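Structure at a glance
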Amino acid sequence: MSAEDEQNARVREAQSALKQLGLPTPQQNVRTALVLLSMLDLDADRPWATARQQTLGITESMNWMVARYPWVKKGRKDPARYAPNSRESVRKDSVHQLMAAGILEANSDAPDRAVNSGDYSYRPTEIALAALRTFGTPDWPAARARFEQELGSLRDRWAAERERHRVPVRLPDESNVTLSAGKHSALIAAVVEDFAAYYTPGAKVVYLGDTGAKWVVNEETYLADLGIKVDPHGKMPDVLLHDVDRDWLVCVEAYQSVGPMDAKRVDELRKLFAGCRPGLVFVTAFPDRATFRAAAVDIAWETDVWIRDAPTHLIHFNGERFLGPYEAQPRPEVN
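This write-up is about the structure you can find in this document. (Residues numbered from 1 in each chain as written. Predicted model: local features only at pLDDT ≥ 70, side-chain atom pairs only at ≥ 80, totals over all residues. Heavy atoms only, no water.)

1. What to know about the environment of A181
Threshold: In this text, helices come from DSSP runs of H or I with a minimum length of four residues, and strands from runs of E with a minimum of two, each type numbered from the N-terminal end. For the exposure calls, accessible area comes from a 1.4 Å probe over protein chains only, and a residue counts as buried if that area is under 20% of its type's maximum, exposed if over 50%, partly exposed in between.
Note on placement: A181 falls in the loop between β4 (176-179) and α7 (183-199). Its relative accessible area of 10% is what places A181 among the buried residues. In the structure, A181 is positioned 68 residues away from R113 in sequence and 6.4 Å away in space, judged by C-alpha atoms.

Following this line, the structure appears as structure tokens:
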């Protein structure tokens, strides 16, 4: 058998295994089969019994596919090549479903890793690996049945683990919410609990974003009363605080994996909140001075910086007032 035939035969086997493990029809495709083989580090000429747990990120998985299965076809003619811009398709349309099916698990080395971390990784679960090592043998039906039996308790354990690593946040009204695990969420919590207490006492949290979900607080009715209609496609800041006494809407970005309040971001938010009654205040929150120094060159004028490890101080980038709303300045025309 040629290398091309051998590789395509192995992918068909992986597709069959996915079907028998209950994956939906759209995920019984070549791409998902290749993702599975990459996580098992299973070359076409090795038996299923030699499959092993391999920990890979999405890009690493895609690189593995190209290097180990260069002859595989997506259809009758097209080679199974996945360009860098197809990374999200691999993640959302293959990896997520493999996780939901209990075949893959995320961040076994660091359960509290943030969703948007560049180090986010996946590997086969122990129960899936044990079953798949028997694929194509008389032991496969029994191993598959054990996998299905153990999957329920595994999902319960995952849910408990995720909940344990969530970041608690106490809102100004003394109510509590939690955010997805990660340093970004810890910084958002500090903005709500520390920045707001020092600089906007009594303010209401009207929006609180989350990396694992779109938001955990979204006071749509309250925002509408302020003249704000939230665009579901618009990129909201991490935190929106309404300082009721001064009628300011304080927009805060927590700087971890996204950019600071640069001129482009300020323009975006002014457009997003066009028609807003309160004055707009723009703040970038940093975890420490070293992180701030690395991003300082990009910070827009007439915005403020708050650093978590020096919570009682603000840095204001020019302007008459230390903290407050500013009207957008007209830009000179360039001939």
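2. Overview of the pattern of salt bridges
If charged atoms from side chains of opposite charge come close, those side chains can pair. Quick note on the threshold: The working definition used for a salt bridge is a side-chain nitrogen of Lys or Arg within 4 Å of a carboxyl oxygen of Asp or Glu.
Under the counting rule described, the total for this entry stands at 14 salt bridges. Where K235 meets E253, a salt bridge forms, and the shortest distance between an N and an O atom there is 3.9 Å. Placement of the pair is K235 in the loop between α8 (220-225) and β7 (239-243) and E253 in strand β8 (residues 248-254), with a sequence separation of 18 residues. According to the relative accessible area criterion, K235 is partly exposed, its value standing at 47%. E268 serves as the salt-bridge partner of R265, at 3.2 Å between the closest nitrogen and oxygen. Note that R265 and E268 are positioned in helix α9 (residues 263-272) at a spacing of 3 residues, about one turn of the helix. The exposure class of E268 is partly exposed, given its relative accessible area of 33%. A cluster of three or more residues bridged by salt bridges with shared partners is formed by K235, E253, K264, R265 and E268.

3. Overview of the sheet that holds strand β5 (residues 204-209)
Keep this limit in mind: Only when DSSP finds a minimum of two bridges between them are two strands counted as paired. Axes here mean lines fitted to C-alpha atoms, for a helix over just the part in contact, with angles spanning 0 to 180 degrees between N-to-C directions. Contact between two residues is taken to exist if any of their heavy atoms lie within 4.5 Å; hydrogens are not considered.
The 7 strands are arranged β6-β5-β7-β8-β9-β10-β11 in an open sheet whose pairing can be described as mixed. What marks the edges here is a single partner per strand, and that holds for β6 (215-218) and β11 (314-316). When strand polarity is set aside, the average angle formed by the axes of neighbouring strands in this sheet is 25°. Pairing of strand β9 (residues 279-286) with strand β10 (residues 304-307) involves 4 bridges; the strand directions are parallel. In the strand pairing of β10, A285 is matched with W306. Strand contacts of α9: β8 and β9, with the helix running at about 140° to β9, the strand carrying the most contacts.

4. As for the environment of A263
Considering the arrangement of structural elements, one finds A263 in helix α9. A263 sits 39 residues away from E302 along the chain, and the two C-alpha atoms are 9.7 Å apart. For A263, the contacting residues outside a window of four places in its chain are D298 and A300.

Everything listed is a geometric property; what it means functionally is a separate question.
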